[in-house]
Amino acid sequence: MMHTTDIYDVIIVGGGHAGCEAALASARMGMKTILFTMNISTIAQMSCNPAIGGLAKGHLVRELDALGGEMAKAIDDEGIQFRMLNKSKGPAVWSLRAQADRLGYSVRMRRALEGQENLEIKQAVVNSIIVESGKCCGVKIFTGTEFFCRAVILTAGTFLNGLIHIGMVSFPSGRAGEFAVAGLTEDLVKYGFEALRLKTGTPPRIDGRSVNLDKMTVQHGDPDPVPFSFQTEKIVQDQMPCYLTMTNSKTHEIINSGLDRSPLFTGKIVGIGPRYCPSIETKVIQFPEKNSHQLFLEPEGRNTTEYYLNGFATSLPEDIQASAIQSVTGMEHAKITRLGYAIEYDFFPPGQLLPTLETKRIENLFFAGQINGTSGYEEAAVQGFMAGVNAVLKVRNEPPFILHRSQAYIGVLIDDLITKEIYEPYRMFTSLAEYRLLLRQDNADLRLTEYGYKLGLVPEEYFFKVKLKRESVHQYIDELKKMRLSPDKANPILERKSSATITESESILQLLKRPNISIQDFNGIIDHPIFSSNIEEKLKKEIREQVEIEIKYEGYFQRQQEQVSRFEKLENQFIPDKMNYDQIDSLSNEAREKLKQIRPLSLGQASRIAGVSPADIAVLMVFLKRQ
Amino acid sequence: MVNELDDTIAAIATPPGRGGIAIIRLSGKEAIAVTVKFFNCGIKIEEIEPRRAVVGKVIDEDGFAIDEAIAIFFKSPGSYTKEDLVEINTHGGIYLSQKVLELAIKNGARLAKPGEFTLRAFLNGRIDLSQAEAIADLIQARTDASIRASYVQLDGRLSKKINEISNLLLDYCSLLEIELDFSEENIEFVQRTDLIKKVDAAKQELEKLVATFQIGRIAREGVKLVITGKPNVGKSSLLNALIMEERAIVTEIPGTTRDALEVQLDIHGFLFRIIDTAGIKKTEDKIEREGIRRAKKHLESADVILHVFDGSLPIENDDKVIMDEIDKLDSAKVIRIINKNDLAQQIESKDLEQRDTPVVSISALQNRGIEILDQELHNLILNVNENISGNEAIVTNVRHWEILNRVKENLTGALREAEQGASSEFISLYLREALDCLGQITGKVTTDDILNNIFSKFCIGK
Ligand SMILES: Nc1nc2c(ncn2[C@@H]2O[C@H](COP(=O)(O)OP(=O)(O)OP(=O)(O)O)[C@@H](O)[C@H]2O)c(=O)[nH]1
Ligand SMILES: [Mg+2]
């Protein structure tokens, strides 16, 4: 059998968002890396909506950026509309979202890969992995050639036995217009992996020349767009608008008339779809009392007239898609360029993984992205990054890099994946992060840059910049603590902001805790750099923002910090690798089975497994102590 | 939160029982600081000597001294748990010991879980391996039992109430999470005024529940036990036998007792107000009639009724009239007593047995069967709390009471945030903690439950 003489450190299978981050992390950490993709022209393809970020997902992108990932920088370059969501809420739930130039983003990411030292890119289908004495040591591609390595990261997305449905028509495909991968799932199942099916869907694309945008509500980006990456100074490019329209009862009527040919409602589709991203037919059926649903026309890019019809995910037959869309205001003559479709694909329930994303079954084999049952580019990217880093650390025989739930959304995501059962494509929500007040997108750099730096993924000068930021924030808060403002200086401002006036001099800190009072209200009045009215530099703006947030929400943060301390106590009690649960009589049977299956690394993780009770945790605690 | 390891825990260390002394134990970093908040011994905290018994007064939340007690302070690591530890010795009785425990919790301790002192002793290396062997099983058995017990124990009305509150909180948590995670969706968000109204209503419900916690009431008033029966059956004799003292006048003349007589007594740690009343029968005697009217009045507010029969006589119409009278009062627990069992008996227990009403045969004259009656009273009292207030849900379990108090505090926090116009995540911070607390009674409520609730009720998703 033919094989290459080169031995790689890390092989990545898949060139999507997970694969790209995995490959970059690995190569940047100095590993000889190769990435296999079925099609080099679709590297980092956005297979669903042309956007990055959004609620909670924006947090993931920022965290990835702080750690040294690529996604934030790529979208900063290729974004065509930026919005900070949830601005009316507290800072913990603000989140960035950007529309992307679909093709531009792909090219931008490909450029990053091609510019990366130590990284080879190869167009080939991988059909099987090579395993020797329980360890994965290579892959075999469609031509039969074998590639050997020290670690393999599988990021095959929706390609494994992908099956596309449009009406009653179905055909194998990994994504519209691309082949599915057959054989790899079966190969892995041979080794004892469990594989299940999920489903997801995507809406049709519309020819922009065929719609009347004037009849729709225009939605612009933020006038002063905030970049995703902490290292991007400014978003310079022009922004493009999106357009909002609504379905109506006529639309719903047409949809209803096509249900007899809906693969979703005739039982043709067996995979489970995401409830947070239902198809239009699901919405119409489940919420008959709603006679209208929002639809967004999102530009596919700067150099095309195509629009993505967000809100209209569907697998209805072609004729129904067309006539339903034409019943919508502004779309009377709409022409579909690409049909909406549903896709079913294999995934490997991620309970089979360690927190490093290495499989429990086969050493040196890592899974990341949609094959772990997640949805979303951001979720995929952070997994790819974490798998990449951990594969490298494994190869180097160094301790793994694991983030706790109290440290990052990434930690929440991975812990959920490996601990909970996945019933539907997993998506990040802020409500999943119990310590979300502390895990903000504005402080992702302060939380995580140091890790990225230590991993060798963040340049030293930037790391020092973050250090400086942290120190300045502390220093400024200390300084503000000591400063007081007299009534004659403060009251005119308080009056203007219709906030209660003061009669004696009051500490600035106290005043800033008031809900509608901000640092900038005192610009020029107080002699301190933070109150200077012409702060332009991004870093200085960020420092001011941090100071303000830390002061305003101090009480809440403290409360949450206490919750974190309680959490960490259990989290830091580790369960040895070779723990024999059969040895512990007093465990309940259900707990024993679950523990044997998940093999949690800490008491904390154990406590989050469904079926493991507080009593079981107490028993474990005693047992561990006795060892 | 499960398995916190260094907060301060408290529990009654002695089994509940009659008389004697009860020990309330506190362990953890704040054990001493918590104790001195309600135990006034005139010594400054820094000057307390370890392992020395100190006499002081237990001061309740209103500032009244409710008992004189002895506390022994142990400094870490020289204690059973190797943590700072305090043992407070009170004058026995469930009420007092519960009250002290209640004060400890109000002042910052947490109710210990079953076996938790031992667990800490073990984890801190105080007890050795052989002693530890059994602990795991012990904890398992006891925790399971106690969780199951407290769940089953949940009176139907109480669990209904708590579930109502829990569902309401789940709904509002979901509504808030929608605002945060799905703010881009085309759905109507919850009105703050509506949220405040509903959460405030839930909080008031909780306040009512917390207030029903019976230890307080029994403390103030004691268990009201009324002795009734037709004249001359030996009611006054029974009172005397119970208190082992000739307090009530006893004669062979029917109608001896006219006005009710009240005596206080500690039985199995509960304070009883024992009320001997006039024998009930039809009469023209004005004084006797007034006595009977008062007797009936007492019956209406009784927690426990001892209905005395004269076993040497057959059951008569007068006995039956009283039985009917008592039947109408469904709030009190009843024990039927066949007295004078030193004489030839014309009534057998089975003549009086009926549903769950216990029957006890005694001789007040010869002090026979009094311990059995004592025991029956003890059994009864363990359940009496649940039935005292009729149709209202009430809280009888310290653990529940403690949890409900924490829920209440969190609702107060949520309301404060909502009223100040805070953003949803801050309101949610409190509501979710409230829900977590309730989960310890009703079973855990997870984020998945919240999300499920959202997806089932709202059309989410572009
Ligand atoms: N043999 C016998 N006589 C008893 C017993 N208990 C009470 N007696 C007698 O029964 C008579 C009535 O006793 P009391 O205790 O005054 O009865 P009472 O029910 O309080 O009567 P009134 O107050 O008149 O309603 C007295 O002569 C007692 O000595 C007993 O257990 N055995
Ligand atoms: Mg009498």
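Treat the numbers as computed from the prediction; the structure is a model and nothing was measured.

An account of the coordination of the magnesium ion (ligand 2) is requested, with residue identities and associated values reported.
All names here are of chain B. Protein coordination of the magnesium ion (ligand 2) is provided by S236 (OG) and T257 (OG1), with donor distances spanning 2.0 to 2.1 Å. Residue S236 is located in helix 8 (residues 235-243), and its partner T257 is located in the loop between helix 8 and strand 9 (261-267); the two are separated by 21 residues in the primary sequence. For S236, a relative accessible area of 7% puts it in the buried group.

Outline the pairing of strand 4 (residues 79-85) of chain A, listing residues and values.
A regular strand places its side chains so that they alternate between the two faces of the sheet. Residues and elements named next belong to chain A. Burial of strand 4 is extensive: seven of the seven residues sit out of reach of the surface. As judged from the six bridges shared by strand 4 and strand 5 (residues 95-100), these two strands associate in the antiparallel manner. Residue pairing for strand 5: G79 is matched across the bridge by A100.

Quick rundown of the state of the cysteines? Include the residues and the values.
Taken as a whole and assessed by the stated rule, the structure comprises zero disulfides over all chains. Free of any disulfide, A:C242 has its nearest cysteine sulfur in A:C48, 15 Å distant.

Describe the packing of aromatic side chains, naming the residues involved and giving the relevant values.
The tally for this structure, following the rule as stated, stands at 18 aromatic pairs over all chains. Taking 6.4 Å as the distance between ring centres and 40 degrees as the angle between the ring planes, the aromatic pair formed by A:Y8 and A:F147 counts as tilted. Placement of the pair is A:Y8 in strand 1 (residues 3-13) and A:F147 in strand 9 (residues 146-154), with a sequence separation of 139 residues. Seen from their ring centres, A:F463 and A:F464 are 5.8 Å apart, and the 40 degrees between their planes marks the pair as tilted. Taken together through their ring pairs, the aromatic side chains of A:Y553, A:Y556, A:F557 and B:F426 make up a single cluster.

Can you lay out the site of ligand 1 for me, pointing to particular residues and giving the numbers?
Residues and elements named next belong to chain B. Around ligand 1, a shell composed of 23 residues is seen, among which S237, G255, T256, T257 and D342 lie nearest. I253 places a polar main-chain atom, nitrogen or oxygen, 3.5 Å from an oxygen atom of ligand 1. Between ligand 1 and K340, the relevant distance is 3.0 Å, taken from an oxygen atom to a side-chain nitrogen or oxygen of the residue. With the chains in place, 91% of the 650 Å² that ligand 1 exposes on its own is no longer accessible. Taken together, the residues of the shell around ligand 1 break down into eight nonpolar, eleven polar and four charged.

Give a description of the sheet that holds strand 13 (residues 205-207) of chain A that names residues and reports values.
Residues and elements named next belong to chain A. In space, the six strands of this open sheet follow the order 14-15-16-17-13-18, with antiparallel pairing throughout. Edge positions in the sheet fall to strand 14 (217-219) and strand 18 (336-338), since each of these pairs with one other strand and no more. Averaged over all adjacent pairs, the angle separating strand axes in this sheet is 35 degrees, with direction ignored. Sheet topology note: the strand 15 (residues 242-246)/strand 16 (residues 294-299) ladder contains four bridges and is antiparallel. Paired with T245 across the two strands is L295, which belongs to strand 16.

Definitions and cut-offs
Residues numbered from 1 in each chain as written. Chains lettered and ligands numbered in written order. Predicted model: local features only at pLDDT ≥ 70, side-chain atom pairs only at ≥ 80, totals over all residues. Heavy atoms only, no water. Donors = N, O, S within 2.8 Å, 3.2 Å for Na, K, Ca; no water. Helix = DSSP H or I, 4+ residues; strand = E, 2+ residues; numbered from the N terminus. Buried < 20%, exposed > 50% of the residue type's maximum accessible area, 1.4 Å probe, protein only. Pairing = 2+ DSSP bridges. Disulfide = S-S within 2.5 Å. Phe/Tyr/Trp six-rings, centres within 6.5 Å; stacked < 30°, edge-to-face > 60°. Near = heavy atom within 4 Å. Polar contact = N/O pair within 3.5 Å; in protein donor to acceptor, adjacent residues only side chain to side chain. Areas by Shrake-Rupley, 256 points an atom, 1.4 Å probe, with all protein chains shown as cover. Nonpolar A, V, L, I, M, F, W, Y, C, P; charged D, E, K, R; others polar. Axes fitted to C-alpha atoms, helices over the stretch in contact; angles between N-to-C directions.

Scope: geometric values only; no functional claims are made or implied.
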